[in-house]
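Each chain is listed here by its residues.
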Amino acid sequence: MADNDFTPAAVVRRQYLASAAGDLEALRDTLAPDVEWTEMAGFPLAGTYRTPTGVTSNVMEKLAADWDGWTAHDDTYVVDGENVVVLARYTATNKATGKDIAVRVAHHFVVRGGRIVRFEQFVDTAKVREAMV
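About the criteria used
- Residues numbered from 1 in each chain as written.
- Predicted model: local features only at pLDDT ≥ 70, side-chain atom pairs only at ≥ 80, totals over all residues.
- Heavy atoms only, no water.
- Helix = DSSP H or I, 4+ residues; strand = E, 2+ residues; numbered from the N terminus.
- Rg over C-alpha atoms; globule rule 2.2 N^0.38 Å.
- Buried < 20%, exposed > 50% of the residue type's maximum accessible area, 1.4 Å probe, protein only.
- Areas by Shrake-Rupley, 256 points an atom, 1.4 Å probe, with all protein chains shown as cover.
- Lys, Arg positive; Asp, Glu negative; His and termini not counted.
- Charge placed at Lys NZ, Arg CZ, Asp CG, Glu CD.
- Expected span 1.5 Å × (residues − 1).
- Contact = heavy atoms within 4.5 Å.
- Phe/Tyr/Trp six-rings, centres within 6.5 Å; stacked < 30°, edge-to-face > 60°.
- Lys NZ or Arg CZ within 6 Å of the ring centre and 35° of its normal.
- 1 Å grid on protein atoms, 1.4 Å probe; cavity = no way out; pocket = protein on both sides within 12 Å on 5 of 7 lines; lining within 4 Å.
- Points joined across faces, edges and corners; volume = space filled by probe spheres on them.
- Nonpolar A, V, L, I, M, F, W, Y, C, P; charged D, E, K, R; others polar.
- Salt bridge = Lys/Arg side-chain N within 4 Å of Asp/Glu carboxyl O.

(A) Summary view of the overall build of the protein. Assigned secondary structure in the protein consists of 4 helices and 6 strands. What you see for the protein is a C-alpha radius of gyration of 14 Å, in line with the 14 Å of a compact globule of 133 residues. Per-residue burial over the protein gives 38% buried out of 133 residues. Carbon together with sulfur atoms contributes 51% to the accessible area of the protein, which is approximately 6,800 Å² in total. Charge separation in the protein, taken as the distance between the mean sites of 14 positive and 19 negative side-chain charges, equals 4 Å.

(B) Structural detail: helix H3 (residues 52–66). Taking 1.5 Å as the rise per residue, H3 with 15 residues should run 21 Å; its terminal C-alpha atoms sit 21 Å apart, in good agreement. Those residues of H3 hidden inside the fold are in contact with helix H1 (8–21), helix H2 (24–29), strand S1 (31–39), strand S2 (47–50) and strand S3 (67–80).

(C) Inspection of the packing of aromatic side chains at higher detail. One pass over the structure, following the stated rule, counts 9 aromatic pairs. Measuring from ring centre to ring centre gives 6.3 Å for Phe43 and Tyr90, while their planes differ by 45 degrees; the resulting arrangement is tilted. Note that Phe43 is positioned in the loop between S1 and S2 and Tyr90 in strand S4 (residues 83–94), a separation of 47 residues in sequence. Residue class for Phe43 comes out buried when judged on its relative accessible area of 2%. Judged by its relative accessible area of 4%, Tyr90 is buried. Here a set of aromatic residues connected by ring pairs shows up, and it is made of Tyr16, Trp37, Tyr77, Phe109 and Phe119. It is Arg14 that lies over the ring of Phe6; its NZ or CZ is 5.2 Å from the centre.

(D) Just the environment of Ala102, in detail. Inspection of the secondary structure assignment puts Ala102 in strand S5 (residues 100–112). Given a relative accessible area of 71%, Ala102 falls into the exposed group. Along the primary structure Ala102 and Arg89 are separated by 13 residues, whereas in three dimensions their C-alpha atoms are 6.6 Å apart. With near-sequence residues (within four places) excluded, Ala102 lies in contact with Tyr90 and Thr91.

(E) Looking closely at the layout of surface pockets. Roughly 320 Å³ of internal volume is contained in the largest pocket. For the largest pocket, the lining is made up of 23 residues, of which Ser19, Val59, Met60, Leu63 and Trp70 are closest to its centre. Where the lining of the largest pocket is concerned, the elements lending two or more residues are H1, S1, H3, S3 and S5. In terms of residue class, the lining of the largest pocket is built from 15 nonpolar, 5 polar and 3 charged.

(F) Molecular detail of the pattern of salt bridges. Tallied over the full model, the rule gives 6 salt bridges. In this structure, the salt-bridge partner of Glu36 is Arg50, at a minimum N-O distance of 3.9 Å. Of this pair, Glu36 sits in strand S1 while Arg50 sits in strand S2, and the two are 14 residues apart along the sequence. Taking relative accessible area as the criterion, Glu36 reaches 33% and is therefore assigned partly exposed. Assessed through its relative accessible area of 47%, Arg50 is described here as partly exposed. With a shortest N-O distance of 3.9 Å, Asp68 and Lys95 are connected by a salt bridge. Within this pair, whereas Asp68 is found in strand S3, its partner Lys95 is found in the loop between S4 and S5, the two being separated by 27 residues in sequence. Take Lys95: its relative accessible area is 43%, and that puts it in the partly exposed class. Here the salt bridges share partners, and the residues they tie into one network are Asp75, Arg89 and Arg104.

Okay, here's the thing in structure tokens:
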């Protein structure tokens, strides 16, 4: 890998690609052992999860269980040192209701030493919940 493969933006991009591919091992490889991953209050999986396995089992695996095609589309990156803010979109179909979502989201990542150490999600949680009822 080239030296720039571990820039904060490159690490975050690898996380999105791994998530979209359903490659949880590759996704865990982007996360620091002591990662803090926060899903927004009001989101179905609200809370803070720690450890790479804790993140994938409590977030990605649960999303896959409840939604078909859950994808975070990373549209725009804003980088300031170790801080990476991504303006993105979630798209998916709820398995229980058959309703689709297409909702804007912002993600704030902190990347140190080539790994994501912190993540915080900002999303219109009402739009997600509407698809669940």
